[in-house]
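Residues per chain are reported as follows:
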Amino acid sequence: MRQFDLSPLYRQTVGFDRLFNLLDQASGFETSQSYPPYNIERTGENAYRVTLAVAGFGREELSVETKENTLSVKGSKEPAQPSDGREVLHQGIAARAFERRFQLADHVVVTGASLVNGLLHVDLVREIPEAQKPRRIDIGVTTPAATIVESKAA
């Protein structure tokens, strides 16, 4: 796999640190983070949904947080010890702790989360501030006013 060195760009630019950090993170080959599986879908023009398969986790064992354009979903589950004398011969349902992070674009906020049938749905909306929304400016018709310059008679 090719490795790109972005350090020369750090020296020649100002204010693009976040962009280069995202490029560094994206170029890293992430093989360790495959659990839990997830989907990202667009549900509207400015609405998105992240769905994680968290079978076996309850609401109290999951945590959804946002901080500085990062969505973090954590799950921690204590290993179940059968109290009635049963013995687990094969455990194929993963019950390990996890933390999954997603980089959010500017002005994307989490509007809600729900857990249905082992799927955690996190709803996101991109809310563009009024100052950054495109505005239509009407072009008016004006006639040039003649300016009269008075001069003092000497």
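Refer to the structure above for everything that follows.
Computed from a predicted structure; not experimentally measured.

Definitions and limits used
Residues numbered from 1 in each chain as written. Predicted model: local features only at pLDDT ≥ 70, side-chain atom pairs only at ≥ 80, totals over all residues. Heavy atoms only, no water. Buried < 20%, exposed > 50% of the residue type's maximum accessible area, 1.4 Å probe, protein only. Helix = DSSP H or I, 4+ residues; strand = E, 2+ residues; numbered from the N terminus. Pairing = 2+ DSSP bridges. Axes fitted to C-alpha atoms, helices over the stretch in contact; angles between N-to-C directions.

Draft legend 1. Up close: the pairing of strand E5 (residues 98–103). Burial along E5 is one-sided: the face carrying Phe-98, Arg-100 and Phe-102 is buried and the face carrying Glu-99, Arg-101 and Gln-103 is not. One ladder, built from 6 bridges, connects strand E4 (residues 70–75) with E5; its direction is antiparallel. Bridge pairing links Leu-71 to Phe-102 in E5.

Draft legend 2. Layout of the sheet that holds strand E1 (residues 38–42). Here 4 strands make up an open sheet; going across it, the order is E1-E2-E7-E6 and the pairing antiparallel. The open sheet has two edge strands with one neighbour each: E1 and strand E6 (108–116). Averaged over all neighbouring strand pairs, the angle between strand axes comes to 20°, with direction disregarded. Here E1 runs beside strand E2 (residues 47–53); their pairing, made up of 5 bridges, is antiparallel. Bridge pairing in E2 links Tyr-38 to Leu-52.

Draft legend 3. Region of the structure containing the sheet that holds strand E3 (residues 62–67). Read across the open sheet, the 3 strands follow the order E3-E4-E5; overall the sheet is antiparallel. Bordering the open sheet on either side are E3 and E5, each of which pairs with just one other strand. Each adjacent strand pair in this sheet contributes to an overall mean axis angle of 15°, direction not counted.

Draft legend 4. Representation of the pairing of E2 in the model. Counting the residues in the hairpin turn of E1 and E2 gives 4 residues. In this structure, E2 lies alongside strand E7 (residues 119–126), joined through 7 bridges in antiparallel fashion. Paired with Val-50 across the bridge in E7 is Val-122.

That's the geometry; what it means functionally is another story.
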